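# Survey of secondary and tertiary structure
Each chain, written out:
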Amino acid sequence: MWHSKSQEEVLKELQIDPAVGLSEEEVRARLEQHGPNKLKGKPKKSMIALFLAQLKDMLIYVLLGAAVVTLIVGEYVDAIIILAVVLLNALIGVFQEHKAEKAIEALQQMTTPKSLVRRQGEVKEINSEDIVPGDIVILDAGRYIPADLRLLESANLQIEESALTGESVPSDKDADSLHEDPKTPIGDMSNMAFMSTLVTYGRGEGIAVATGMNTEMGKIATILDEDIHDLTPLQKKLEELGKTLGFIAIGICVLIFVIGLIQKRDIFELFLTAISLAVAAIPEGLPAIVAIVLALGVTRMSRINAIVKKLPAVETLGSVNIICSDKTGTLTQNKMTVVKYYTATPLGDEPPVELIKSFVLCSDATHENGESTGDPTEVALVIYGEQNNIMKKSLEAEYKRVSEKPFDSDRKLMSTLNKTRTGYRVHTKGAIDQLLNISTSAIVGGEVVPLTKELKQQYLKAAEGMSDDALRVLGAAFKDTEQLLSPDEMEQDLTILGFVGMIDPPRLEVKDSIREAKSAGITAVMITGDHRNTAVAIAKELGIADSIGQSMTGAEIDELSDEVFAQKIKNIRVFARVSPEHKVKIVKAYKAQGNTVSMTGDGVNDAPSLKNADIGVAMGITGTDVSKGASDMILTDDNFTTIVHAIREGRNIYSNIRKTVTFLLSCNFGEVVAILASILFFWPLPLLATQILWVNLVTDTLPAIALGVDPGEKDVMKRKPRDPKESFFAGGAAFRAILGGVLIGSLTLVAFYLGLREHGFSLNSANISEEAMTYARTMAFVVLAASQLFYSFSKRSDTKSIFQVGLFSNKLLVGAVIAGLVLQFASISIPFLAAAFKVHNLSLVDWGVVIGLALIPLIINEVIKMFIRMGRGTLIR
Ligand code: ATP
């Protein structure tokens with residue numbers, strides 16, 4: 001057992017030198033032998049399983065039942081059509097679901113965790129999946145442990161192992177401990193770290209001893225399943241709506257059947273029509289169509305660097321009106337460079353050697369062969385050292401680090417304890433105001449002098465001067481001791497050495513995004529641990545704030561009660577020197593005012609604020625695994641601009657879902673209107689069961705999906721954010737969906753009437769000839785299909801005309817409509833299909849008539865839009 005072996009034994013057994021790690025050949029060989037480091041997922045559903053799942057639907061059972069009845073009465077052709085439609089529909093369903101699954105799988109792939117390993121003497125970041133036994137893995141706070149490790153080094157290392165042991169209090173780890181008892185419980189193995197547990201504090205190094213299914217996690221084989229398959233609030237609402245409409249539809253069908261019986265209509269025909277109508281009217285496909293629209297939407301978003309982890313986030317994105325963003329790395333480039341330093345006595349051209357040494361020794365970052373790892377602030381310090389001939393590697397070899405107190409964003413400090421010739425030296429670096437609080441002396445003219453009030457003021461003034469120039473200020477202090485200090489004893493009675501100022505240029509594209517957000521009714525707010533003046537200077541540059549009056553510090557927040565804070569928050573654009581707890585308070589205050597808030601975060605302590613926000617956004621590059629886990633969305637480029645783009649996409653996706661759903665409802669309603677009216681008015685049925693099925697399940701589906709991936713209107717970011725409480729059918733959408741349905745249904749009846757009249761009959765004639773009936777039904781059939789297809793063009797915008805939107809700007813829709821028309825044409829002109837559907841080819845004149853009729857719902861909707869535009873005074877745009 002690894003926990004009962006000494007480090008030397010483990011290293012010997014796995015044949016590793018921890019300072020070098022594995023070579024690439026060894027990695028390949030071990031990968032071959034042990035396989036990739038991943039837990040086996042649930043087996044994927046096969047195509048056949050997907051197909052069979054499609055058939056497990058009440059409506060399909062009904063249709064299959066209907067097919068059986070048609071077979072019994074000898075209507076074989078009808079039976080074949082019903083079966084063919086069921087099959088086709090299931091195939092479309094399989095295709096959709098497959099595509100949706102693929103999209104989600106691809107997203108999960110993109111968020112695979114990464115780990116730091118040492119291979120061939122260099123530290124690099126690799127996919128955790130590629131770790132093999134023997135790899136030297138480097139651990140820091142916020143990372144998930146990628147495999148089972150025997151620890152080789154631990155500095156205040158604490159690991160939260162609840163995933164494995166259920167214990168949520170982090171356990172202290174000690175690489176040097178040894179557990180002789182082979183039966184030591186997992187929770188007590190302080191020299192081991194296990195896959196899927198989480199480093200909450202400190203640093204460490206370990207050697208991978210088990211990977212993949214051989215790990216403790218693999219043994220209990222609980223697969224961490226993301227809840228990406230959860231239904232979104234909208235999907236749930238639509239499912240409810242679908243159910244209600246379904247019941248109404250069934251009621252209507254029963255009604256039609258009963259009235260038809262009283263009217264002594266042909267029972268078999270009535271039965272099939274009622275069933276087909278039920279299939280047509282019950283919007284059972286809505287959640288499925290919404291799922292595919294969402295899946296295609298999130299795929300599109302991943303291409304613009306926003307990975308949506310939870311589907312409901314897509315909807316919420318559309319109503320975000322406050323974006324709280326970290327400064328460093330999200331609004332700025334996170335390319336830090338030291339440009340200035342300050343010491344109490346000017347050194348002229350001499351570099352501040354002691355200051356640099358403290359900075360370099362108190363950093364975990366590396367910079368080797370032009371490649372760096374670690375926090376960019378520290379990378380900047382290490383490079384600053386190199387520029388002044390102070391090399392981290394040799395310095396560390398001379399002054400070995402023996403203990404440390406890691407950085408955390410609450411203290412805004414970090415300390416290390418390094419060996420010296422005579423004893424030990426504490427090196428502390430961090431925010432200058434914090435450093436001044438824990439220091440009692442300073443270096444002036446090479447001498448240690450007491451830190452007087454005046455001296456403090458002098459430091460603060462110089463630091464503010466740098467901050468005003470948008471520089472990030474970081475100070476360093478030290479103290480010498482003879483004994484080995486505990487981490488808690490390090491940060492007191494220090495001697496200030498001085499500080500440096502670093503530039504971190506703003507991201508160029510962010511300025512435009514902030515302007516775009518403003519015009520979309522969204523306020524951008526900067527939240528940073530950095531100094532107020534630095535933050536405000538950058539905020540001004542980016543157009544987030546105009547003056548220092550719009551800023552507030554963490555200390556000021558602490559002084560305000562929740563109520564007063566919530567009132568003040570409206571005018572604040574920059575929160576500086578805040579810690580992660582303040583972020584939670586800020587999110588809550590915004591939410592209390594009825595805002596929909598997105599909040600970014602990257603650190604270990606950011607998880608609560610990310611969870612509290614409506615949209616928690618984690619950083620893909622610099623973010624810790626914890627923050628990614630707690631987030632709803634991950635930015636693969638850490639860029640603020642991506643948040644704004646994602647909001648734009650979110651708005652588009654929501655409005656596309658609206659287009660699709662209202663389109664389908666209009667179509668279904670049209671079919672109900674045509675049949676119900678003909679029954680109520682004692683007319684012959686204008687459509688046959690097979691025809692209804694065909695239009696509803698074949699010609700409708702393609703334009704509905706095409707509307708779901710509409711490129712989106714150009715002015716989505718000129719509108720105010722959607723009120724999350726607003727009904728899905730707000731703004732007259734329900735009325736227009738009903739009107740569309742009434743028009744489609746009535747025109748179908750008109751076409752039917754015209755067809756009869758051409759043959760000398762009317763709707764109320766007795767003994768209508770077979771020939772006339774077939775012809776009239778053909779006209780109704782074509783109008784029903786074509787009017788829906790044309791109408792889909794009009795659904796692309798609620799206000800803009802089809803020409804303003806661009807007739808050909810959604811190529812998929814154009815293709816879907818053409819395909820629908822071709823299918824429709826084929827169904828009545830290819831002899832065997834025509835015979836099957838009991839239709840007839842039309843004369844040229846009648847083609848003109850049906851096309852004319854079919855265009856009317858489109859035209860009327862366009863006229864309504866024109867009135868709306870006139871009302872708004874935006875006719876010409
Ligand atoms: P943001 O919150 O926008 O990302 P930030 O990076 O400045 O900004 P933190 O990482 O919380 O926020 O840092 C807060 C302060 O802590 C910094 O202004 C700096 O003074 C100090 N600091 C940052 N990184 C380190 C570090 N590695 N070691 C010591 N002190 C640090």
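Residues numbered from 1 in each chain as written. Predicted model: local features only at pLDDT ≥ 70, side-chain atom pairs only at ≥ 80, totals over all residues. Heavy atoms only, no water.

Looking at an unreviewed UniProt entry, the chain carries the name Cation-translocating P-type ATPase, with the source organism given as Paenibacillus motobuensis.

Turning next to the overall build of the chain. The number of helices and strands found in the chain is 33 helices and 25 strands. The C-alpha extent of the chain, read off along each of the three principal axes, is 115 × 65 × 45 Å. Across the 877 residues in the chain, those meeting the buried criterion constitute 55%. Nonlocal contacts in the chain, meaning residues at least 24 apart in sequence, comprise 72% of its contacts between residues at least 6 apart. (Helix = DSSP H or I, 4+ residues; strand = E, 2+ residues; numbered from the N terminus. Buried < 20%, exposed > 50% of the residue type's maximum accessible area, 1.4 Å probe, protein only. Contact = heavy atoms within 4.5 Å.)

This part takes up empty space enclosed by the protein. Enumeration over the complete set of coordinates arrives at one cavity of 30 Å³ or more. Its boundaries defined by the atoms lining it, the largest cavity holds a volume of some 40 Å³. Considering the residues around the largest cavity, the lining is formed by Arg736, Leu739, Gly740, Leu743, Tyr791, Pro857, Ile860, Asn861 and Ile864. At the level of elements, α28 (733-758) and α33 (844-872) are the ones that each hand at least two residues to the lining of the largest cavity. Here the residues of the lining of the largest cavity sort into six nonpolar, two polar and one charged. (1 Å grid on protein atoms, 1.4 Å probe; cavity = no way out; pocket = protein on both sides within 12 Å on 5 of 7 lines; lining within 4 Å. Points joined across faces, edges and corners; volume = space filled by probe spheres on them. Nonpolar A, V, L, I, M, F, W, Y, C, P; charged D, E, K, R; others polar.)

Next up on the list: the environment of Lys583. Mapped onto the elements of the fold, Lys583 is located in helix α22 (residues 580-592). Taking C-alpha positions, Lys583 is 31 Å from Glu205, a pair spaced 378 residues apart along the chain. Non-local contacts of Lys583, meaning those with residues more than four positions away in its chain, are made with Asp326, Ile527, Met599, Thr600, Gly601, Asp606 and Ser609. Of note is the side chain of Lys583, whose polar atom sits 3.1 Å from the backbone oxygen of Thr600. (Polar contact = N/O pair within 3.5 Å; in protein donor to acceptor, adjacent residues only side chain to side chain.)

Bringing the site of the ligand into the picture now. In the neighbourhood of the ligand, 20 residues make up the surrounding shell, with Lys327, Thr328, Glu378, Lys429 and Arg472 lying closest. Contact between the ligand and Gly529: an oxygen atom at 3.2 Å from a main-chain N or O atom of the residue. Relative to its unbound accessible area of 600 Å², the ligand is 90% covered by the protein chains. For the shell around the ligand, the elements supplying multiple residues, two or more each, are β15 (424-430) and β18 (472-481). Ranked by residue count, the leading element in the shell around the ligand is β18, at three residues. (Near = heavy atom within 4 Å. Areas by Shrake-Rupley, 256 points an atom, 1.4 Å probe, with all protein chains shown as cover.)

Looking now at the confidence of the model for the chain. Taken residue by residue, the chain gives an average pLDDT of 89. The fraction at 70 or more is 97%. Under a pLDDT of 50 for its full length, residues 222-228 has, in the predicted model, 14 contacts with residues more than four places off or in other chains. (pLDDT = per-residue confidence, 0-100.)

Here we come to the domain arrangement of the chain. For the chain, the assigned domains are domain 1 (2-37 + 113-220), domain 2 (235-300 + 646-872), domain 3 (307-332 + 507-638) and domain 4 (337-501). A C-alpha centroid distance of 29 Å is found between domain 3 and domain 4. Contact residues are listed per partner, giving 15 residues for domain 3 and 12 residues for domain 4. Sorting the residues of domain 3 by area buried against domain 4 places Asn533, Thr534 and Arg577 first, and these three jointly supply 39% of that buried surface. Run the count over domain 3 and domain 4 and you get eight residue pairs in polar contact (both at pLDDT 80 or more). Mapped onto the side of domain 3 that touches domain 4, the elements with two or more residues apiece are α19 (532-542) and α22. For the side of domain 3 that touches domain 4, the element with the highest residue contribution is α19, accounting for four residues. Per-class residue counts for the side of domain 3 that touches domain 4 are four nonpolar, seven polar and four charged. (Domains from an automatic or database assignment. Buried area = accessible area lost by both parts, 1.4 Å probe.)

Among the nonpolar cores identified, the biggest contains 142 residues, and Met633, Phe640 and Ile657 are the most heavily contacted of them. Of all the elements, helix α25 (residues 640-680) adds the most residues to this core, at 18 residues. Built from parts of two domains, this core gets at least three residues from each of domain 2 (235-300 + 646-872) and domain 3 (307-332 + 507-638). Contact partners of Ile657, with chain neighbours within four places excluded, come to Leu234, Leu238, Val290, Val293, Leu294 and Phe728. Cys324, Ile586, Ala607 and Val626 belong to the second-largest nonpolar core, a separate cluster that totals 25 residues. (Core = buried A, V, L, I, M, F, W, Y, C linked by side-chain atoms within 4.5 Å.)

Right, let's talk about the environment of Ser128 for a bit. Considering the arrangement of structural elements, one finds Ser128 in the loop between β2 (122-127) and β3 (136-140). Put simply, Ser128 and Leu116 are 12 residues apart on the chain and 8.5 Å apart in space, counted from C-alpha to C-alpha. Those residues in contact with Ser128, other than ones at most four positions away along the chain, are Asn37, Pro113, Lys114, Ser115 and Pro146.

Counted according to the given criterion, the structure contains 10 aromatic pairs. Between the aromatic rings of Tyr342 and Phe499, the centroid separation amounts to 5.0 Å while the plane-to-plane angle is 20°, which identifies the pairing as stacked. Here Tyr342, found in strand β10 (residues 337-342), pairs with Phe499, found in strand β19 (residues 494-503); they are 157 residues apart in sequence, far enough to count as distant. We classify Phe499 as buried; its relative accessible area is 0%. Put simply, the rings of Tyr342, Tyr459 and Phe499 touch in pairs and so form one group of aromatic residues. Taking NZ or CZ as reference, Lys5 lies 4.9 Å from the ring centre of Trp2, over its face. Sitting above the plane of the Tyr654 ring, Arg722 keeps its charged end 3.5 Å from the centroid. (Phe/Tyr/Trp six-rings, centres within 6.5 Å; stacked < 30°, edge-to-face > 60°. Lys NZ or Arg CZ within 6 Å of the ring centre and 35° of its normal.)

The next point concerns the sheet that holds strand β24 (residues 615-619). Read from one edge to the other, the open sheet built from eight strands follows the order β8-β25-β24-β23-β9-β20-β22-β21, with strand pairing classed as mixed. Whereas interior strands pair on both sides, the edge strands pair on one side only; in this sheet they are β8 (306-308) and β21 (551-553). Between one strand axis and the next, the sheet turns by 20° as a mean value, whatever way the strands run. As paired strands, β8 and strand β25 (residues 633-635) are joined by three bridges and run antiparallel to one another. By the bridge assignment, Ala306 is partnered in β25 with Leu635. Across the face of the sheet, helix α10 (residues 286-303) comes into contact with β8 and β25 while running at roughly 150° to β8. The strands touched by α22 are β9 (322-326), β20 (523-527), β22 (574-576) and β23 (597-601); relative to β23, the strand with the most contacts, the crossing angle is about 170°. (Pairing = 2+ DSSP bridges. Axes fitted to C-alpha atoms, helices over the stretch in contact; angles between N-to-C directions.)

So, about the environment of Val86. Here Val86 shows up in helix α5 (residues 76-110). C-alpha separation for the pair Val86 and Gln691, spaced 605 residues apart in sequence, amounts to 13 Å. Beyond its immediate chain neighbours, meaning those up to four positions away, Val86 contacts Leu55, Ile60, Leu63 and Leu64.

Right, let's get into the pairing of β3. In terms of burial, β3 is largely enclosed, as four of its five residues are buried. Judged from the three bridges that link them, strand β1 (residues 114-119) and β3 form a sheet pairing that is antiparallel. Paired with Leu116 across the strands is Ile138, a residue of β3. Two strands pair when backbone bridges link them, and β3 and strand β7 (residues 198-210) are joined in this way by five bridges, in the antiparallel orientation. Bridging across to β7, Ile138 finds its partner in Glu205.

A word on helix α27 (residues 701-708). Burial of α27 is extensive: seven of the eight residues sit out of reach of the surface. Every buried residue belonging to α27 is among Thr701, Pro703, Ala704, Ile705, Ala706, Leu707 and Gly708, and all of these are buried.

Here we come to unusual backbone geometry. The phi dihedral of Arg577 is positive, around 50°, even though this residue is not glycine. Among the structural elements, Arg577 can be located in the loop between β22 and α22. Positive phi is not limited to glycine here, since Asn767 has a value of about 55°. When you line up the elements, Asn767 lands in the loop between α28 and α29 (770-794).

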